[in-house]
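Descriptive analysis of the structure
The residues making up each chain are set out below.
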Amino acid sequence: MIQRTMAAPWLGAAYYPEDWPEELQPEDIRLMQEMGLNVMRVGEFAWSRMEPREGEYDFGWLHRVVERLHAAGIATVLCTPSATPPAWLTAKHPDMLVLRSDGQRQQHGARRHCCSNNPAYREATARIVKQLAREFAGKPGVIGWQLDNEIHRQERGCFCPVCEAKFRARLQARFETVEEMNRTWGLGLWSMDYTSFDEVPAPRAHVFHHPSLTAEWLHFQSDSNAEFLDMQADLLRAGGVDVPIGTDMMPTNGQHYPHTNRQMDVVQYNHYDDDSHLWAAVFWMDYIRNLKPRPFWNTETSTCWNGGVTIQGYREPGFCRANSWLPFALGGEMNCYWLWRAHWAGQELMHGSVVSSCGRPLHIADEVREVAEGLERARDFLTDTACARSGLAMHFSAQAWDTFQAQPMVPRLASPIGGRPYAYASTLNDEIYRALIEAQLRPDIIDPAADLTNYRLVYSPFLPCIEEGNLSRRLPDWLEQGGVWVAGPLTDVRTPEGTKYTHAPFGHLESLAGIYCKYELPGHPKDFRIRWWNGEESAGGYIYDGLECREGCQSLGTYLEAPMAGLAAAAWQPIGSGGILILGTQPPANVLVSLLRWAGEKVGVRPVAQADANLLVVPRRGPRAEGWVCVELHNRPARLVLGRPVVDLLTGERLEGKITVAPFGVRVLQAAER
Amino acid sequence: MIQRTMAAPWLGAAYYPEDWPEELQPEDIRLMQEMGLNVMRVGEFAWSRMEPREGEYDFGWLHRVVERLHAAGIATVLCTPSATPPAWLTAKHPDMLVLRSDGQRQQHGARRHCCSNNPAYREATARIVKQLAREFAGKPGVIGWQLDNEIHRQERGCFCPVCEAKFRARLQARFETVEEMNRTWGLGLWSMDYTSFDEVPAPRAHVFHHPSLTAEWLHFQSDSNAEFLDMQADLLRAGGVDVPIGTDMMPTNGQHYPHTNRQMDVVQYNHYDDDSHLWAAVFWMDYIRNLKPRPFWNTETSTCWNGGVTIQGYREPGFCRANSWLPFALGGEMNCYWLWRAHWAGQELMHGSVVSSCGRPLHIADEVREVAEGLERARDFLTDTACARSGLAMHFSAQAWDTFQAQPMVPRLASPIGGRPYAYASTLNDEIYRALIEAQLRPDIIDPAADLTNYRLVYSPFLPCIEEGNLSRRLPDWLEQGGVWVAGPLTDVRTPEGTKYTHAPFGHLESLAGIYCKYELPGHPKDFRIRWWNGEESAGGYIYDGLECREGCQSLGTYLEAPMAGLAAAAWQPIGSGGILILGTQPPANVLVSLLRWAGEKVGVRPVAQADANLLVVPRRGPRAEGWVCVELHNRPARLVLGRPVVDLLTGERLEGKITVAPFGVRVLQAAER
Amino acid sequence: MIQRTMAAPWLGAAYYPEDWPEELQPEDIRLMQEMGLNVMRVGEFAWSRMEPREGEYDFGWLHRVVERLHAAGIATVLCTPSATPPAWLTAKHPDMLVLRSDGQRQQHGARRHCCSNNPAYREATARIVKQLAREFAGKPGVIGWQLDNEIHRQERGCFCPVCEAKFRARLQARFETVEEMNRTWGLGLWSMDYTSFDEVPAPRAHVFHHPSLTAEWLHFQSDSNAEFLDMQADLLRAGGVDVPIGTDMMPTNGQHYPHTNRQMDVVQYNHYDDDSHLWAAVFWMDYIRNLKPRPFWNTETSTCWNGGVTIQGYREPGFCRANSWLPFALGGEMNCYWLWRAHWAGQELMHGSVVSSCGRPLHIADEVREVAEGLERARDFLTDTACARSGLAMHFSAQAWDTFQAQPMVPRLASPIGGRPYAYASTLNDEIYRALIEAQLRPDIIDPAADLTNYRLVYSPFLPCIEEGNLSRRLPDWLEQGGVWVAGPLTDVRTPEGTKYTHAPFGHLESLAGIYCKYELPGHPKDFRIRWWNGEESAGGYIYDGLECREGCQSLGTYLEAPMAGLAAAAWQPIGSGGILILGTQPPANVLVSLLRWAGEKVGVRPVAQADANLLVVPRRGPRAEGWVCVELHNRPARLVLGRPVVDLLTGERLEGKITVAPFGVRVLQAAER
């Protein structure tokens, strides 16, 4: 048994006592202690156990779980059960079941099958949340709350009459008159323009709708979920809850992350990236770290494989270790596995876990114990330090995600099927961000509304609207003061409404950067060759803007082929002590990295480590300590050159010079005196 | 013209006199005689000819057909026409049309478009069936009846209100209280638990439903069809029918075969396997042979290609011969082609036949004649002998099929698309059974409820529940008495309700076989290496159980890789004079065959012939004769070593020693004096 | 600026003034003039601008546009806006929205979302069309009218109650009694036969319906659209319009082209074939040229790429030139780009155009100007000459297209997926027609009803019914008088109702050609080898008829494999001074061309030029001039051998002997004195 402290860093799992005989709890808790877990997430789907019949509550079992855990030194994150309303509720109000775009109703028997806008669902949710607050506010051992579970806009969301009416009211509130809406979105084309808001349809997927209408609907559905959570957070706080409240979700699920977390205290994040894709989790952690001052909680991750009714995605030995350390390396303070004990029935009975449904520890138990021990050893360093900013930020916009869903603009690069539409998030993640971190560039991923003053180099790829978060108004001063902005491709090409600017292909870039976009060509079915400023030649990708450089602007890449031969594919314009590097196409990874290093040199943004591409190196800094957390991401050895002597807190070794990190290995390196 | 006897073995076709001018019948019958056919299936879709308006019957035309055929020495299998109710009926009761899972109604104009549970449909069916009995019970020439046509659960079946209400009533009858249902299926998870049976939805495909509920729905739909047929059989018998009654269907169509045939006298089987897949038909015949004491009828098969509105799947010369002989080799007594004369219109006008729609014999006519002649020559041998059991049986469970449909558990092996779900029937057929028969192991395929005393070696791959048919209770005695059981993988891993056991990964195997399953890992996306007892090395497949051998258990294969290195992938435990060979993974075909031969040696189960893999050799034995029917399955020459002298009844040759069988050739070899 | 004449040949674009501030018009018109455009299509979707509220009309803006254009020497093709009814109309009559086969309603916000049979939609359309006639009949500058936009049967069309009722009425009108319908279509099979027309369902796609019913429904939906257009044409004419009326559509969209154009004055044609597929546009132009005496209008084509919400399909430099010239080469008198100025919003904002949404000319502007200049130079030649017939015609039947959609008969050749159904139009286009024109055979593509006397060699591949347009009755005389008919495969195999003939596999071919079809085999999954009359050997394709040649018939290809060895795959029967060449299978391209040249030799039909396969050479002839228009189709150099001296009207060069045409180059060669 590992002696754990009941404090951050938290290592734990999701626990479903409602699914098992109460007699099993002591054995479960014994095993939890043996593995060094100090937190459990409890109650997320247990509404029918909490309120078996309307208005009849039963919380005794839950109190006993929380208390037994607490007595064993294990904290609880308590969950509101709104994702799974009981059958008596959906049976009484069948219209609370989501009405899908294809006209099919959801049915009882799954989860997240109710409409966040339905009044009866909201009322019943409010009642159970208030009861939970009444019972558990201030309860010893409860260190936080989770609202709902993985709330998100499934496909296009719900098309019930309540949603349609709320959507129309929203449009009316935004535009006041239909004429204004018609004008803003250009609905006069195709006679789409409305004479009353009551004529506007909830835009179903089988109809070829206007992309601005579609995007607005997507925002609306996302906002409806956020509202539903805000209500819950307000009720818990009004009920006396004073520990952090959050909602566990994946940024990968089409829900606007910053909006949804606006009223939350802590960002809770679920991910199931496997051993072939760990950088994807790093991307999202580099994003969510910046949404709240408080360290985020990784509320769900896989121990060793996924599985619903089918088992799949085995992860290699060492994955559990590396994956478990990621949140702690990247600014979080909790890692919870899904799930503690595998289900014995139901839709997810094949999913990996910590112990099997018959209570046998899985083969990863040793890695779990190893992580728990390491966290204890590194506790002071982890809690005393935070991620050190490198000066580099990259924009990621939830609004852009909706824009590209409604209007993909370009086909997916290298898609085996010619016409597959562009996927914003995975392009940024797999094609752009990955190249950056493999070059040891260490970006914060930030929302367009984020403050720029923390950064010297800001990169905005595929950011169609820079009016979001007033970015376009904040940029000039920041540039004047020495900021370097790398923009494009497909940046600044849309108004906030998803329409084009009509004075120029860009809203602001031509005047800001002193360029003139002569032609814009598709990157399908062919690409165009470019000679870059450093002598390399390559094609670009996705889209090709042919730029004329004016006003002292310098070409950094020149097209070699008709009809754009001689025009620039990338250009640099110094502004004040900073400048803009505009990209007219997406360069290949190596050129992109060279460009960013070229631009970074101007403002002292450099790689944070001299290390192999497969090693994540996260500088940490605090008032009393500094150092690095290193996690190997690709299950092969990695090398790192240390600039100063360190102590590896996990092993106690003193290290300097060239060191290695084992496959899926982790090192917590505290800087030592030379 | 071939002189045929109007008795088994029967060779014939489906005949649709309702589709052609009556004047054509003499020419049709002349051609039938010329080709040696002695049976026709008549009437299966002709309801609107039999009852053109509600309550107005017209059977004159059908009497005349039966009589003309009889006069020509051709028997009739008469069919009930319930698969195609007339338009006046569906128009009067539009709610009898199937309501699909996606909310779409079927329409008049196809077949099998009505709900087996609909009372109006059942009533109308009962009336026409009674009329048919009244007219044709005892009719000379009528040698049997076929009920409906290829009844099966299309996709998830019908979701009409009648079905939903019957499903709820069934649940109530099974569980008595909702609490019991909730507890049995673990519905407390996700708050799925119901407070009334009226809340239980008919589980539509677009909802992520609980696999136990889904499986129960699949059973219910299958049982509803079986009930519908039982009603028809009862009415025919009550109406005086005393010849065999059956229902022609494919086991490949998601309908529980043993249940559906429970009230039938004869198993009727349709198949359209082509020349690249003939072993698949052999599998099903090895299965259906064991369902009834009476020899089965192969009611439909293709002559030379398939085709609905599109022609496809040409079969090579010789296929018709080999394919026609399969049922006679494997325990049946009838082979009927679909169809006699190609349709001149409709949805299947491109399908292959015996004569074309303009009455011209197809190129396979010579093969049909050859088969008819052969059957006459081998008549005595075929009717005097039956398939001789080899002592080997392999389980196939219709219930398991539904279980795997509701919860595939594992991905499909070697699937081009990683996540394609496991397909039970085709895995057993293509990956397991095929390996067995190519090694000349000659199994009966049996239902879990089948008596074990006929067998010395029983193989149960992918049989999740061994409580089915009380198998788990019958096994210990059978093992004690010398039976050898080969179990796994994924055998004994589910309760009858499709939930997991919670005391161990298996329900009974650990205690029966003295093993302990330490780990269970997925076979996706990678496989694990094993060294087998015979020195071979290979990966396994689908799932990987890592077993600790205890209590005298012997490992037959050891994992070579972390995290299971050293654990057993297969183990042998002697029990009484028999034993259990447990498989923790699916071995490749060659290892599987070696294992089965290794186990077979213990109980004298051996290959039934020394022959090439492409030759099907079926031992036949009777009071007065014995021998083998050989059918070449892969259109290439085959060799067979005879253990004793024989006479080939088709050619009259006396043969001994090494002989050959021509591509798609057939030999009927009767043992002769030495 | 290019000085253009306001007369044919017309070069122009689609113009959407309703989408832009009126102040922009002078700049737009200046740019149009600069590029040499002399026609604009205006108003096609502008119903809501014309009638912003029911009965309130506003045509002032449209008058001003027409007048400004006219003043600048630019003509207008005025459009009826019926494809996009205003929101006030669809909101008042939600039942006018198309009800799809899957039960989903269309919604306002797209285009062509209303049912052509809906009375309210028809009434409202009639009112706006009458108003347009009242305002614009005789208006100076308006040179023609376009009705609606790309009307077509989307998938299976509309399934609303109005459509269902009209369909039943149509059946009643056609058949008078249900018995006649039942008999004609063979509905007795499967008890499909009806006792009342009210029982006949609108055949939805999810039901396995009878192909004759399905085909009739497809015809009905197509005819409903044609009726809707006829109404508009009648109203315009009644309102005083005396310039040509047409409807712009693609033959590639499942709408019966000859029927739809029956009441039109001019065929208007839209195409978006890209640079890898230009022969496809040539096919359709060879077809539409023959539908009306008046030169057709190419109303829409792409300048340089396509794009809805996603940009794709960039065309190489030169494409715009070659593509723009095609209609003028092939018998048209107008080419209009889609679109003039790219949209700034909406569903098609990524589409290529002449100028961008911010008014910048695209890179193809030079090619547009070059085309305009060339048209002026070649004006007299183009207007004085017409396409010269070569004596060769190939049948293309819109009815056959529906037949094959309802019953594909054969799988698609070389389909990567075995079972993909046959696609009539693309097979004829890509596999047959392409081979012909690359051999410089220059066919007219004609409807089966077309007069044969203009042709000496007529080729009818895949024409299932030759009773269409009385072809079968007209053929014998034409053959007697020296015509040569190449027929097959799959020609003459269906009655007008899509059913089979029952006396023979063909309706007429056996008696006409003196052959007997012994066997018919599928071309899936294998093909059969043939030795052709010229010594070549190859497989055929799709279907294999094995023919016995009788009565002086000569085999032109003999099967080499069982079961058809020795039978003919192709045969020649002389008739009168002509003859029939029957094809029992589809030969490969080289054999097909050899066969057609062999047959052509008999009647003096020969290649029209000695030129490379990638060069389109169109002979033109008129009372005062003759010559050739040559367009290179594959973006590589082409060679042409001139039989006489010519002048290239575009360059003024005098040429003779061997000349070249540049990639995507165009030459207009007027025969000169030697």
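Keep in mind that what you see is a predicted model, and the values were worked out from it rather than measured. (Residues numbered from 1 in each chain as written. Chains lettered and ligands numbered in written order. Predicted model: local features only at pLDDT ≥ 70, side-chain atom pairs only at ≥ 80, totals over all residues. Heavy atoms only, no water.)

1. A few points about the overall build of chain A
Per the secondary structure count, chain A includes 17 helices and 31 strands. For a compact globule of 674 residues, the expected C-alpha radius of gyration is about 26 Å, and chain A comes in at 26 Å, within 12% of that figure. Each principal axis of the C-alpha atoms in chain A carries an extent, and together these give about 75 × 75 × 45 Å. Burial statistics for chain A: of 674 residues in total, 68% are counted as buried. (Helix = DSSP H or I, 4+ residues; strand = E, 2+ residues; numbered from the N terminus. Rg over C-alpha atoms; globule rule 2.2 N^0.38 Å. Buried < 20%, exposed > 50% of the residue type's maximum accessible area, 1.4 Å probe, protein only.)

2. Re the sheet that holds strand 24 (residues 610-611) of chain A
The strands making up a sheet associate through hydrogen bonds between their backbones, and the pairing can be parallel or antiparallel. In spatial order, the strands read 24-27-30 (chain A); together these three strands make up an open sheet with antiparallel pairing. If you trace the sheet from one side to the other, it starts and ends with strand 24 and strand 30 (658-661) of chain A, each paired once. (Pairing = 2+ DSSP bridges.)

3. Describing the interface of chain A and chain B
Tallying the contact residues gives 47 residues for chain A and 56 residues for chain B. Summing the contributions of chain A and of chain B, the shared interface buries around 4200 Å²; its carbon and sulfur component is 60%. The residue E316(A) makes a salt bridge to K526(B) at a minimum N-O spacing of 3.4 Å. Linking chain A to chain B there are 27 residue pairs in polar contact (both at pLDDT 80 or more). For the side of chain A that touches chain B, the secondary-structure elements that each account for two or more residues are helix 2 (47-50), helix 4 (87-92) and strand 10 (311-312) of chain A. Of all the elements, helix 4 of chain A adds the most residues to the side of chain A that touches chain B, at three residues. (Contact = heavy atoms within 4.5 Å. Buried area = accessible area lost by both parts, 1.4 Å probe. Salt bridge = Lys/Arg side-chain N within 4 Å of Asp/Glu carboxyl O. Polar contact = N/O pair within 3.5 Å; in protein donor to acceptor, adjacent residues only side chain to side chain.)

4. Quick word on the relation of the copies chain A and chain B
Overlaying chain A on chain B yields an RMSD of 0.0 Å, the required transformation being a rotation through 120° with an accompanying axial translation of 0.0 Å. A rotation of that kind, with that shift, is consistent with a three-fold axis. (Least-squares fit on C-alpha atoms with pLDDT ≥ 70 in both.)

5. Some remarks on the domain arrangement of chain A
All names here are of chain A. Segmenting chain A into domains produces domain 1 (161-215), domain 2 (392-601) and domain 3 (610-671). Inter-centroid distance (C-alpha atoms) of domain 2 to domain 3 is 33 Å. Taken together, the contact between domain 2 and domain 3 spans five residues of the former and 10 residues of the latter. Buried area between domain 2 and domain 3, summed over both chains or domains, comes out near 530 Å², and the portion from carbon and sulfur atoms is 52%. At the junction of domain 2 and domain 3, the tally comes to zero salt bridges. Taken together, domain 2 and domain 3 are joined by two residue pairs in polar contact (both at pLDDT 80 or more). Residues belonging to the side of domain 2 that touches domain 3 are distributed by class as follows: one nonpolar, one polar and three charged. (Domains from an automatic or database assignment. Nonpolar A, V, L, I, M, F, W, Y, C, P; charged D, E, K, R; others polar.)

6. Thoughts on the pairing of strand 3 (residues 75-79) of chain A
Residue and element names in this part refer to chain A. Counting buried positions over the five residues of strand 3 gives five, a clear majority of the element. Covered by surrounding structure in strand 3 are A75, V77 and C79 together with T76 and L78, the residues of both alternating faces. In the sheet, strand 3 pairs with strand 4 (residues 142-146) via four bridges, with the strands oriented parallel. Each bridged residue has a counterpart across the sheet, and for C79 the counterpart in strand 4 is Q146.

7. A closer look at the interface of chain B and chain C
The interface of chain B with chain C comprises 47 residues on the first partner and 56 residues on the second. Of the roughly 4200 Å² buried between chain B and chain C on both sides combined, carbon and sulfur atoms contribute 60%. One can count two salt bridges joining chain B with chain C. Connecting chain B to chain C are 27 residue pairs in polar contact (both at pLDDT 80 or more). Among the secondary structure elements, those contributing two or more residues to the side of chain B that touches chain C are helix 2 (47-50), helix 4 (87-92) and strand 10 (311-312) of chain B.

8. A short note on the pairing of strand 23 (residues 578-583) of chain B
All names here are of chain B. Among the six residues of strand 23, six are classified as buried, and the element is accordingly described as predominantly covered. Side-chain alternation along strand 23 places G578, I580 and I582 on one buried face and G579, L581 and L583 on a second face that is also buried. Where strand 16 (residues 484-487) meets strand 23, four bridges bridge the pair, whose relative direction is parallel. Bridge pairing links V484 to G579 in strand 23. The pairing of strand 22 (residues 568-575) with strand 23 spans six bridges and is antiparallel. Paired with A571 across the bridge in strand 23 is I582. In sequence, strand 22 turns back onto strand 23 through a hairpin of two residues, with G576 there showing a positive phi of about 50°.

9. A look at the nonpolar core
Core analysis: the largest hydrophobic core is formed by 548 residues, its most contacted members being W325(A), W340(A), W325(B), W340(B) and W325(C). When residues no more than four places from it in sequence are discounted, the contact partners of W340(A) are A13(A), A14(A), Y15(A), D28(A), L31(A), M32(A), M35(A), L37(A), M40(A), S353(A), V354(A) and V355(A). (Core = buried A, V, L, I, M, F, W, Y, C linked by side-chain atoms within 4.5 Å.)

10. A word on the packing of helix 11 (residues 319-329) of chain A against helix 12 (residues 365-384) of chain A
Residue and element names in this part refer to chain A. Look at helix 11 against helix 12: their axes get within 10 Å of each other, and the N-to-C directions meet at 25°. One element, helix 11, and the other, helix 12, form an angle in the roughly parallel class. Where helix 11 crosses over helix 12, the handedness of that crossing is right-handed. Residues F319, C320, R321, S324, W325 and F328 of helix 11 touch helix 12, and the partners they reach there are E367, V368, E370, V371, G374, L375, A378 and L382. Looking at side-chain class alone, the contact of helix 11 with helix 12 contains nine nonpolar, two polar and three charged residues. (Axes fitted to C-alpha atoms, helices over the stretch in contact; angles between N-to-C directions. Parallel < 35°, antiparallel > 145°, perpendicular 65-115°, else oblique. Left-handed = near helix turned anticlockwise from the far one by under 90°.)

11. So, helix 3 (residues 60-71) of chain B
Two residues of an α-helix separated by three or four positions point the same way, owing to the 3.6 residues in each turn. Residue and element names in this part refer to chain B. Between its terminal C-alpha atoms helix 3 stretches 16 Å, which fits the 16 Å expected from 12 residues at 1.5 Å a residue. Where helix 3 is concerned, the buried positions are W61, L62, H63, V65, V66 and L69. Of the residues one or two after helix 3, G73 is the one with positive phi, at around 80°. (Expected span 1.5 Å × (residues − 1).)

12. Quick look at the environment of L37(B)
All names here are of chain B. Tracing the chain through its elements places L37 in the loop between helix 1 (25-35) and strand 2 (39-42). Among the residues examined, L37 registers a relative accessible area of 2% and is labelled buried. Once the C-alpha coordinates of L37 and T76 are considered, the two residues, 39 residues apart in sequence, prove to be 11 Å apart. Beyond its immediate stretch of four places on either side in the chain, L37 contacts L11, G12, M32, I74, W340 and V368.

13. Let's talk about the pattern of salt bridges
All told, the structure shown has 145 salt bridges over all chains when counted by the stated rule. Close ionic contact of K139(B) with E67(B) constitutes a salt bridge, the shortest N to O distance being 2.4 Å. Taken together, the residues span a long stretch of sequence, with K139(B) in the loop between helix 5 (119-136) and strand 4 (142-146) and E67(B) in helix 3 at a distance of 72 residues. Among the residues examined, K139(B) registers a relative accessible area of 13% and is labelled buried. For R550(C), the salt bridge is made with E548(C), and the minimal N-O distance between the two is 2.8 Å. For R550(C), a relative accessible area of 37% puts it in the partly exposed group. The exposure class assigned to E548(C) is partly exposed, which follows from its relative accessible area of 23%. Each of the salt bridges in this network shares a partner with another, and the network as a whole consists of E27(A), R30(A), E34(A), D366(A) and R369(A).

14. Here we look at unusual backbone geometry
The linkage connecting H524(A) with the following residue, P525(A), adopts the cis geometry, with an omega of 5°. Inspection of the secondary structure puts P525(A) in the loop between strand 17 (515-522) and strand 18 (529-532). In this structure, the amide linkage connecting W338(B) to the following residue, L339(B), adopts the cis form with an omega of 10°. Position of L339(B) among the secondary structure elements: in the loop between strand 11 (332-337) and helix 12 (365-384). For Y542(B), which is not a glycine, the phi torsion comes out positive at approximately 75°. As for its placement among the helices and strands, Y542(B) is situated in the loop between strand 19 (537-539) and strand 20 (543-549). Phi is positive for E150(C), which is not a glycine, with a value near 45°. Positionally, E150(C) belongs in the loop between strand 4 (142-146) and helix 6 (161-175).

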